[in-house]
Amino acid sequence: MSGTLNKVMLIGHLGDEIKIHFFEGGNCIGRFPLATNETYTNKQTGERVTNTDWHNIVVRNKAAEICEKYLSKGDKIYVEGRLKNRQWQGEDGNTRYTTEVHVQDFTFLTTKKESMANAQSSNQSSNQNQPQQGTSATTNKVNEPLGNNGPEEEDDLPF
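Predicted, not measured: the structure shown is a model, and the values here were computed from it. (Residues numbered from 1 in each chain as written. Predicted model: local features only at pLDDT ≥ 70, side-chain atom pairs only at ≥ 80, totals over all residues. Heavy atoms only, no water.)

**Remarks on the nonpolar core**
Piece 1. Counting residues in each nonpolar core, the largest one holds 16 residues, and the members touching the most others are Leu 10, Leu 14, Phe 32, Leu 34, Ile 57 and Val 79.
Piece 2. Every element with two or more residues in this core is listed here: strand 1 (8–14), strand 3 (28–41), strand 4 (48–60), helix 1 (61–70), strand 5 (76–89) and strand 6 (95–110).
Piece 3. Setting aside its immediate chain neighbours within four residues, Ile 57 contacts Leu 10, Gly 30, Arg 31, Phe 32, Leu 34, Val 79, Val 101 and Val 103. (Core = buried A, V, L, I, M, F, W, Y, C linked by side-chain atoms within 4.5 Å. Buried < 20%, exposed > 50% of the residue type's maximum accessible area, 1.4 Å probe, protein only. Helix = DSSP H or I, 4+ residues; strand = E, 2+ residues; numbered from the N terminus. Contact = heavy atoms within 4.5 Å.)

**Here we look at the confidence of the model for the chain**
Piece 1. Considering every residue of the chain, the mean pLDDT works out to 81; 69% of them sit at 70 or more.
Piece 2. Ranking the elements of the chain by mean pLDDT puts helix 3 (residues 137–143) last with 37 and strand 1 first with 97.
Piece 3. A low-confidence stretch, residues 129–153 stays under pLDDT 50, and its non-local contacts, those more than four residues away or across chains, total 6 contacts. (pLDDT = per-residue confidence, 0-100.)

**Concerning the pairing of strand 6**
Piece 1. One ladder, built from 3 bridges, connects strand 4 with strand 6; its direction is parallel. Considered in strand 6, the bridge of Val 58 is made with His 102.
Piece 2. Pairing of strand 5 with strand 6, which is carried by 14 bridges, proceeds in the antiparallel orientation. The residue of strand 6 that forms the bridge with Lys 76 is Thr 110.
Piece 3. Linking two consecutive strands that pair antiparallel, namely strand 5 and strand 6, is a turn of 5 residues; a positive phi of about 90 degrees is found at Gly 93 within it. (Pairing = 2+ DSSP bridges.)

**Topic: unusual backbone geometry**
Outside of glycine, negative phi angles account for most residues, and trans bonds account for most peptide bonds.
Piece 1. We note that Asn 61 has phi near 50 degrees; this positive angle belongs to a residue other than glycine.
Piece 2. Structurally, Asn 61 is set in helix 1.
Piece 3. Judged by relative accessible area, Asn 61 falls into the partly exposed class, the value being 33%.

**Quick word on the packing of aromatic side chains**
For any two aromatic rings, the description comes down to two numbers: the centre-to-centre distance and the angle of the planes.
Piece 1. Taken as a whole and assessed by the stated rule, the structure comprises 2 aromatic pairs.
Piece 2. Seen in terms of ring centroids, Tyr 70 and Phe 108 are 6.3 Å apart; in terms of plane orientation they differ by 50 degrees. Their pairing is tilted. Here Phe 108 lies in strand 6 and Tyr 70 lies in helix 1, a separation of 38 residues in the sequence.
Piece 3. Assessed through its relative accessible area of 39%, Tyr 70 is described here as partly exposed. (Phe/Tyr/Trp six-rings, centres within 6.5 Å; stacked < 30°, edge-to-face > 60°.)

Shown next as structure tokens:
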């Protein structure tokens, strides 16, 4: 095979908010760290070990704006892209190097906003007939008389 391939696929959690920088002409670039975990059991000690690797993620233009709008620290995302190495001169005069994943495709797996909305909607639906603060659901059910758990069947409600 004579071709080459530079492809990276990662599923991880954002380690920080997306930092976006706008350029003249309307283009922009967004950067954020992504954490991936490897978990295994140490055969000698039986202890669970988790190793975290950090990846520098770069998104451009419309993708950067979408990520900034919908993602926040801790959200889970799938990214697909290419590895790129970059070097620059630091303020101290030393040459610095970094490896980045330049994203070509991404999918939001979980977002905090989405998770919070789902949690609120499930709490609202499960708490509709329950008292608000200070009383647990199990305590309330124990104290209710049997057969009085909802509206009477003879009501002529259209819904």
